[in-house]
Amino acid sequence: MPSETCDAVENFLRDVDDQISCKLGLDSVNEELRAHIEDRMEFYQEYGLDGDEACRRAIRDMGAPDVVGLELNQSHRLRTAKPLLFVILALMLAGFAGELLRLGVSWNQGIYWTLADTISDVLYLKYYFWGLLALFVTARFGYPFLLKHTKGVCIVSMATLAAVGGFWILSGLFPGVLDKIMSNAPYFVHRLQGAVFNSSIFVGAVQLAVPVGAILLYRRRKDGYRGFLLLFFWQIFLVLLSGRIFWSGSTYIPVLLLLFACLGISLYLSSRGEFRIPKGRGMALSILSFCVLLALWAVPKWDRVKENLELCVNPDARASVTTAWDDSYNNVLIRELLGRARAFGEIELTGEDLVRYGTARWYYEDGPGNWNDGRETDLVSGSLERHVEFRMQHLDEPALRDILPQHYMENYRASWWILRYGWVPALALMLLVAALPALALWTAFRIRNGLGRLVSFSAGLLFALQTAVYLLEGFGFQFGGFPNLPFVAEGTISITGSAVLAGLILSAYRFDTVLGEKKGPGATSSGSGR
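Engineer: Could you give an account of the overall build of the chain, naming the residues involved and the relevant values?
Structural biologist: Broken down by element type, the chain carries 26 helices and zero strands. Split into buried and exposed, the 530 residues of the chain put 49% on the buried side. Summed over all atoms, the accessible surface of the chain reaches about 25800 Å², with 61% contributed by carbon and sulfur.

Engineer: Which residues make up the packing of aromatic side chains, and what are the values?
Structural biologist: Taken as a whole, this structure holds 21 aromatic pairs when the rule is applied. Judged by centre distance (5.1 Å) and plane angle (35 degrees), the rings of Tyr-127 and Tyr-128 are tilted. Relative accessible area serves as the criterion here: at 3%, Tyr-128 is assigned to the buried category. Ring centres 5.5 Å apart and planes at 75 degrees place the aromatic pair Phe-232 and Phe-233 in the edge-to-face group. Ring pairing ties together the aromatic residues Tyr-329, Tyr-357, Trp-362, Tyr-363, Tyr-364 and Trp-371, which thus form one cluster. The ring of Tyr-509 carries the charged tip of Arg-79 above its face, separated from the ring centre by 3.8 Å. The ring of Phe-477 carries the charged tip of Arg-335 above its face, separated from the ring centre by 3.9 Å.

Engineer: Any details on helix 14 (residues 279-298)? Residues and values, ideally.
Structural biologist: Between its first and last C-alpha atoms helix 14 spans 29 Å; for 20 residues at 1.5 Å apiece the expected length is 28 Å, and the two agree. Residues Gly-282, Ser-286, Ser-289, Phe-290, Leu-293, Trp-297 and Ala-298 constitute the buried set of helix 14. Projected down its long axis, helix 14 carries its buried residues within an arc of 155 degrees, all on one side. Summarising the geometry of helix 14, the exposed residues directed more than 90 degrees from the buried face are Gly-280 and Leu-288.

Engineer: Lay out the pattern of salt bridges in plain terms, naming residues and giving numbers.
Structural biologist: Evaluation of the coordinates by the stated rule reveals 11 salt bridges. Here Arg-221 makes a salt bridge to Glu-274, at a shortest N to O gap of 3.2 Å. Taken together, the residues Arg-221 in the loop between helix 11 (199-219) and helix 12 (226-244) and Glu-274 in the loop between helix 13 (249-271) and helix 14 connect sequence positions 53 residues apart. Glu-274 sits in the buried class, given a relative accessible area of 16%. In this structure, Arg-356 engages Asp-366 in a salt bridge whose closest nitrogen and oxygen atoms are separated by 3.2 Å. You can see Arg-356 sitting in helix 18 (residues 351-359) and its partner Asp-366 sitting in the loop between helix 19 (361-364) and helix 20 (384-392), a full 10 residues away along the chain. Owing to a relative accessible area of 51%, Asp-366 belongs among the exposed residues under this scheme. The network of salt bridges with shared partners includes Arg-340, Asp-353, Arg-356 and Asp-366.

Engineer: Explain helix 3 (residues 51-62) to me, and be specific about the residues and the numbers.
Structural biologist: Here helix 3 contains 12 residues, and its C-alpha end-to-end distance of 17 Å stays within 8% of the 16 Å for a straight helix at 1.5 Å per residue. Restricting attention to buried positions, one finds in helix 3 the residues Gly-51, Ala-54, Cys-55, Ala-58, Ile-59 and Met-62. For helix 3, the angular spread of buried residues about the axis comes to 130 degrees, placing them on one side. One or two positions beyond helix 3, positive phi appears at Gly-63, with a value near 100 degrees.

Engineer: How would you sum up the environment of Leu-485? Please name residues and give values.
Structural biologist: Examined against the element boundaries, Leu-485 turns out to sit in the loop between helix 25 (450-474) and helix 26 (492-510). Since its relative accessible area comes to 1%, Leu-485 is described here as buried. For the pair Leu-485 and Phe-463, spaced 22 residues apart in the sequence, the C-alpha separation amounts to 8.1 Å. Those residues in contact with Leu-485 that sit more than four places away from it in its chain are Val-433, Thr-467 and Tyr-470.

Engineer: Before we move on, could you go through the side chain of Ser-286 and cite the residues and values that matter?
Structural biologist: Among the secondary structure elements, Ser-286 is positioned in helix 14. The class of Ser-286 is buried, set by a relative accessible area of 4%. In this structure the side chain of Ser-286 is engaged in a polar contact, spanning 2.8 Å, whose partner is the backbone oxygen of Gly-282.

Engineer: How would you summarise the side chain of Ser-270 if you had to cite specific residues and measurements?
Structural biologist: Along the chain, Ser-270 turns up in helix 13. The contact partners of Ser-270, leaving out residues within four places of it in the chain, are Phe-228, Phe-275, Lys-279, Gly-282, Met-283 and Ser-286.

Engineer: Pulling in residues and values, what's your account of a negative patch on the surface?
Structural biologist: A grouping of Glu-38, Asp-39, Glu-42 and Glu-46 is seen on the molecular surface, where their side chains present a negatively charged patch. Take Glu-42: it is sitting in helix 2 (residues 26-45). Looking at Glu-42, the relative accessible area reads 49%, which means it is partly exposed.

Engineer: Pulling in residues and values, what's your account of the packing of helix 24 (residues 423-445) against helix 25?
Structural biologist: Axis separation between helix 24 and helix 25 bottoms out at 8 Å; the angle between their running directions is 160 degrees. Accordingly, the angle class assigned to the pair helix 24 and helix 25 is roughly antiparallel. Seen from above, helix 24 lies across helix 25 with left-handed handedness. Where helix 24 approaches helix 25, its residues Met-430, Val-433, Leu-436, Pro-437, Ala-440, Leu-441, Ala-444 and Phe-445 are matched on the opposing element by Arg-453, Ser-456, Phe-457, Gly-460, Leu-461, Phe-463, Ala-464, Thr-467 and Leu-471. Looking at the contact of helix 24 with helix 25 residue by residue, the class counts come to 13 nonpolar, three polar and one charged.

The rules behind these values
Residues numbered from 1 in each chain as written. Predicted model: local features only at pLDDT ≥ 70, side-chain atom pairs only at ≥ 80, totals over all residues. Heavy atoms only, no water. Helix = DSSP H or I, 4+ residues; strand = E, 2+ residues; numbered from the N terminus. Buried < 20%, exposed > 50% of the residue type's maximum accessible area, 1.4 Å probe, protein only. Areas by Shrake-Rupley, 256 points an atom, 1.4 Å probe, with all protein chains shown as cover. Phe/Tyr/Trp six-rings, centres within 6.5 Å; stacked < 30°, edge-to-face > 60°. Lys NZ or Arg CZ within 6 Å of the ring centre and 35° of its normal. Expected span 1.5 Å × (residues − 1). Arc of directions from axis to C-beta. Salt bridge = Lys/Arg side-chain N within 4 Å of Asp/Glu carboxyl O. Contact = heavy atoms within 4.5 Å. Polar contact = N/O pair within 3.5 Å; in protein donor to acceptor, adjacent residues only side chain to side chain. Patch = residues over 30% accessible without salt bridge, like charges linked within 9 Å, V, L, I, M, F, W, Y side chains within 5 Å. Lys, Arg positive; Asp, Glu negative; His and termini not counted. Charge placed at Lys NZ, Arg CZ, Asp CG, Glu CD. Axes fitted to C-alpha atoms, helices over the stretch in contact; angles between N-to-C directions. Parallel < 35°, antiparallel > 145°, perpendicular 65-115°, else oblique. Left-handed = near helix turned anticlockwise from the far one by under 90°. Nonpolar A, V, L, I, M, F, W, Y, C, P; charged D, E, K, R; others polar.

Scope: geometric values only; no functional claims are made or implied.
Okay, structure coming up:
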């Protein structure tokens, strides 16, 4: 193309670019416009026009650059998922207010609440501010970073997981040598070791492992069975780590939800025909992989799984022969109280009722329970009489919060809403909670970019699983530990992890019409222009 022709095209593109407010997608816009101009030039040259004249007419056919730019600005502008953002902020505000009220009651016994106490409580809940920061940083930079460094994200994630697993293997093979090395290590190395093998941090990593697994599968979706194998081994490594290093009540359910979320991701891509294998075969392979992983998750701790099934389905069978310290009793208690809850207002309980529930006498004296099945008691569980004596120390002026399980605000928040405010207000709050996964999935399906849609779908699916299981367990159907309740459950890892996932959805939606995918292994360029 002659220099004069190039200058004319570049001037046209520059005038168009001046009308487009978001500059991130200019390369793809200019590439598309340049291709249109070149096509028109070839058309005119076929009729005998020279290059300069063909270029002049091709540019004329494109229209006025300012009009073209304004039209492109309308279709390539940044967007905000306002309904989803509103629900996220509302949930964070509700969680923050609930924690503030809880701290005010527990620290001041409901007697007074001074300004100094309020400031102290707000500083204690600083993880909500960290969550806000993570939300807006991820929403602003998350998806552009992901598009640019997709391969790097996968490599770093897999390398980190391999390093943790390798450290665990070395500690098992050479425990003495590793202990000797660690004994002379600097203080920050010990802190790093404690962080790496912290089960709470692992739970946060499991949350983020879901979208990473989606990226791994998406990048290799056109490589036959390699994508399935990559996702399978990604999950199997996490299951092994959770079973060998991080096994606890806090990791039990999050790993199970990881398996269900990855199953949903595989089935979703299979149903859309994204793999180079028949849809039916892809869905069958997804289900088969899930069954193998589920067995690997359950079999090593099968006794624990059976106990938790009984705890969930028939807590009376266990609670009636154990003590009030057992989780099964919590399930029985919550179900009993929910049956007495009102439509509006706090549950009506007399002072005598509160004492009976608070000491567990309602169940082990007046009900079907037989404390410790009548066996000789040890120092841990004690006798019913000792338990009553101990509990009476905290029931001088009994209130609803005194008879509920110890961590009722963390694990039984939905039940607390019902018992404290009544079924109708509580259902309104639960609808707000359920609106998060619903809007997250709705937003995900409005994204045209393939990678952005899948990452958003994986995050929304995980939100849906976490919310459903948390609410179910909170109604007295506990199965193992409690999962995260997005943006409402307390804790730095919980709030920040939820913020990063939600930020990815907001970011993918925000840049959907501006940025498109680059071609890579197993991926095709997905245009996002409208």
